[in-house]
Amino acid sequence: MTSQVPDLWPPSAQEVVFLLLGVVALGSALLVVTTRQLVHAALWLVVCFGALAGGYLVLTAEFVAWVQVLIYVGAIVVLLLFGIMLTRAPIGRSADLDSGNRVAAATVAVGTAAVLVTVVVQGFATAYTPLEPGGGAAATLGASIFRSWVLPFEALSVLLLAALIGAIVLSRTDIRPANPAADAGGPAAPTTPPHPPDPDPPSAGGSGATLGETGSGRVSRDGG
């Protein structure tokens, strides 16, 4: 980076395009959190991620831009849409999506934005670098990731794997406990083992046969 401050006016073509993409990203991000339809929010999120990818392209970081498109636009948004469909969430206009904490949310958002802008301005107020092609290529970033940032990269891989396993477990509906009372949080119902069968159960036919034989014997003796 250089400390020489360039002329701010007239703006260059790259600066104009970057500002326009920033306005698109900011507007679509506001629509994501203000719309009352979940599917529309996911689609506006696609526009926001696309504008960010365009900003990376203007900054000559083409690898980061295509990763933004492939992962966030092509995977994260699709995951959100599948989550909406799997949970059978209402896809139409819903009045109960607003939690009623607009003031608190707006305060936190404005405060966070103010902190970020202050840090960026104070840290890079006089730091400028020329836009040279090749700075954001795959070879440079790959060497940096797998040499200097390999441990955070592997930790992120484990975190994404855990999130994937959790999503699979939550989406399955055939996993149920054996005892419904334990699922409801109540005391488990006592289970009684089945009674073993009687080795020699009394039978009515056998009693009748015995009586019949006794009676027959009496009759025979009387007749004899």
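Because the structure is a prediction, the values reported are computed rather than measured.

**Re unusual backbone geometry**
Phase 1 of the analysis: The residue Thr60 is not glycine, and still its phi comes out positive at about 60°.
Phase 2 of the analysis: Position of Thr60 among the secondary structure elements: in the loop between helix H2 (38–58) and helix H3 (62–86).
Phase 3 of the analysis: Since its relative accessible area comes to 18%, Thr60 is described here as buried.

**Considering the confidence of the model for the protein**
Phase 1 of the analysis: With 64% of its residues at a pLDDT of 70 or more, the protein has an overall mean of 74.
Phase 2 of the analysis: The least confident element of the protein, judged by mean pLDDT, is helix H8 (residues 204–223) at 47; the most confident is helix H1 (residues 13–34) at 89.
Phase 3 of the analysis: Here residues 205–224 scores under 50 on pLDDT; set against residues more than four positions off or in separate chains, the count is zero contacts.

**What about the side chain of Gln68?**
Phase 1 of the analysis: Position of Gln68 relative to the elements: it lies in helix H3.
Phase 2 of the analysis: Here Gln68 falls in the buried class, since its relative accessible area comes to 7%.
Phase 3 of the analysis: In contact with Gln68, not counting residues within four places along its chain, are Phe49, Leu52, Ala53, Tyr56 and Val73.

**Topic: the packing of H1 against H2**
Phase 1 of the analysis: At a minimum axis distance of 8 Å, the contact between H1 and H2 shows a crossing angle of 160°. As summarised for this structure, H1 and H2 are arranged roughly antiparallel, according to the angle between their axes. Seen from above, H1 lies across H2 with left-handed handedness. Along the contact surface, H1 presents Gln14, Val17, Phe18, Leu21, Val24, Ala25, Ser28, Ala29, Leu31 and Val32, while H2 presents Ala41, Trp44, Leu45, Val47, Cys48, Ala51, Leu52, Gly54, Gly55 and Val58.
Phase 2 of the analysis: Its residues placed into classes, the contact of H1 with H2 shows 16 nonpolar, four polar and no charged.

Conventions adopted
Residues numbered from 1 in each chain as written. Predicted model: local features only at pLDDT ≥ 70, side-chain atom pairs only at ≥ 80, totals over all residues. Heavy atoms only, no water. Helix = DSSP H or I, 4+ residues; strand = E, 2+ residues; numbered from the N terminus. Buried < 20%, exposed > 50% of the residue type's maximum accessible area, 1.4 Å probe, protein only. pLDDT = per-residue confidence, 0-100. Contact = heavy atoms within 4.5 Å. Axes fitted to C-alpha atoms, helices over the stretch in contact; angles between N-to-C directions. Parallel < 35°, antiparallel > 145°, perpendicular 65-115°, else oblique. Left-handed = near helix turned anticlockwise from the far one by under 90°. Nonpolar A, V, L, I, M, F, W, Y, C, P; charged D, E, K, R; others polar.

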